[in-house]
Amino acid sequence: MAHDEHHEHLVKEIAEQFDPVLSKSPQGVYIYLDDEHKICNKRFAEMLGYGSVAEWVKNEYPVGDVLEEDQEKVISAYGEACENFRADKLFVTIVRKDKKKIKVNIIMAPITYKGEVFVIHFVSEEK
C-alpha cells in the first residue's frame, strides 16, 4: 500500500481522541483503517505476543494473526462495518507470534473520523 501521510496523521489524531479507551480498557483494543494505518493498545499487542504497540503496527498483514480458517469471517465482518455501518461480534482463533493459539471474541464497530471510516475492535480472550 502506498505511503499516505494524511492517513498516518488521522491515525495519530484518532489515537489521541480514543486514548482513554486505549489506555483504560481491560480488553485488547485496536482501531483499523487499513493494513498500514492502524493503532492498538498495549493489552492487544501483548495478547498477540508482540513486544510493543509499535511492533504490531508494523505488521503489514494483520489478518495473518487470525487462524487461516477464521480469516474470511473477520474480513467479511470488517467489510460489513465499513460498507454497511454494521457492528458485529465474532468468535475466532488468534495465532500469537509464538504460534500459540488462543480463542477470542471480537466486537467490531464502525466509527467515522474526518470523513474516513475506521473500525474499532474490542478483543477478549475466551477462558
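This one's a predicted model, so the numbers in the text were calculated from it and none came from an experiment. (Residues numbered from 1 in each chain as written. Predicted model: local features only at pLDDT ≥ 70, side-chain atom pairs only at ≥ 80, totals over all residues. Heavy atoms only, no water.)

**Describing the pairing of strand 5 (residues 116–125)**
Item 1. In terms of burial, strand 5 is a largely internal element, 7 of the 10 residues being buried.
Item 2. Of the pairings in the sheet, the one linking strand 1 (residues 28–32) to strand 5 comprises 5 bridges and is antiparallel in character. Of the residues in strand 5, the one forming a bridge with Y30 is H121.
Item 3. Sheet topology places strand 4 (residues 101–113) next to strand 5; 10 bridges connect them, and they run antiparallel. (Buried < 20%, exposed > 50% of the residue type's maximum accessible area, 1.4 Å probe, protein only. Helix = DSSP H or I, 4+ residues; strand = E, 2+ residues; numbered from the N terminus. Pairing = 2+ DSSP bridges.)

**Description of the packing of aromatic side chains**
The geometry of two aromatic rings is summed up by the distance between their centres and the angle between their planes.
Item 1. Across all of its chains, the model carries 4 aromatic pairs by this definition.
Item 2. Aromatic pair Y32 and Y78: ring centres 5.1 Å apart, planes at 90 degrees, arrangement edge-to-face. Of this pair, Y32 sits in strand 1 while Y78 sits in helix 5 (residues 68–84), placing them 46 residues apart in sequence.
Item 3. Judged by its relative accessible area of 13%, Y32 falls in the buried class.
Item 4. Ring geometry for F44 against W56: centres 5.3 Å apart, planes inclined by 90 degrees, an arrangement best described as edge-to-face. One end of the pair, F44, is in helix 3 (residues 42–47); the other, W56, is in helix 4 (residues 53–57), and 12 residues separate them in sequence.
Item 5. By the ring-pair criterion, three or more aromatic residues cluster together here, those being Y30, F44 and W56.
Item 6. Positioned above the aromatic ring of W56 is the side chain of K38, whose terminal nitrogen or guanidinium carbon lies 5.5 Å from the ring centre. (Phe/Tyr/Trp six-rings, centres within 6.5 Å; stacked < 30°, edge-to-face > 60°. Lys NZ or Arg CZ within 6 Å of the ring centre and 35° of its normal.)

By themselves, these figures tell us nothing about what the structure is for.
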